[in-house]
Amino acid sequence: QVQLVQSGGGLVQAGGSLRLSCAASGRTFSSYVMGWFRQAPGKEREFVAAISWSGGSTYYADSVEGRFTISKDNAKNTVYLQMNSLKPEDTAIYYCAADRRASARAMGAPGGMLSIDSWGQGTQVTVSS
């Protein structure tokens, strides 16, 4: 079992940047894919980005492509989400996730959330206009 603890988030003006962190503890697996999802009030939780355990493969939702960057530091068992050029539409609770069976692309596929092994506690990101 792996536990995920998030940090970061907050309030930022449109066009600004935030960096989220997600630290994994407990048992980890070399095959883990790490990713980020987000959920706005009244909306479905949606995929944001994913990265392979090695960091060699990444996959992004179209809505964040070119603005967000996912990265990992395996020595620290930590995944990051650098969010640039933020828009009010990015306002949501952001959750990190770990899946030992999925590829980065598979995590973002329909039904991908069903395979998630662990979720972070969530952190609020609010982007003002």
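Residues numbered from 1 in each chain as written. Predicted model: local features only at pLDDT ≥ 70, side-chain atom pairs only at ≥ 80, totals over all residues. Heavy atoms only, no water.

Caption draft 1: Fine view of unusual backbone geometry. In this structure, N77 is a non-glycine residue whose phi angle is positive, near 50 degrees. The residue N77 is located in the loop between strand 7 (68-73) and strand 8 (78-83) in this model. For N77, a relative accessible area of 27% gives the class partly exposed. Phi is positive for S85, close to 50 degrees, though the residue is something other than glycine. Inspection of the secondary structure puts S85 in the loop between strand 8 and strand 9 (92-99). (Helix = DSSP H or I, 4+ residues; strand = E, 2+ residues; numbered from the N terminus. Buried < 20%, exposed > 50% of the residue type's maximum accessible area, 1.4 Å probe, protein only.)

Caption draft 2: Summary view of the side chain of T123. Here T123 lies in strand 11 (residues 123-128). Overall, the relative accessible area of 11% leaves T123 in the buried class. Polar contacts involving the side chain of T123 include one to the main-chain carbonyl oxygen of G8, which spans 3.0 Å. In this view, T123 contacts Q6, G8, G9, L20, A92, I93 and Y94; residues no more than four positions away in its chain are not counted. (Polar contact = N/O pair within 3.5 Å; in protein donor to acceptor, adjacent residues only side chain to side chain. Contact = heavy atoms within 4.5 Å.)

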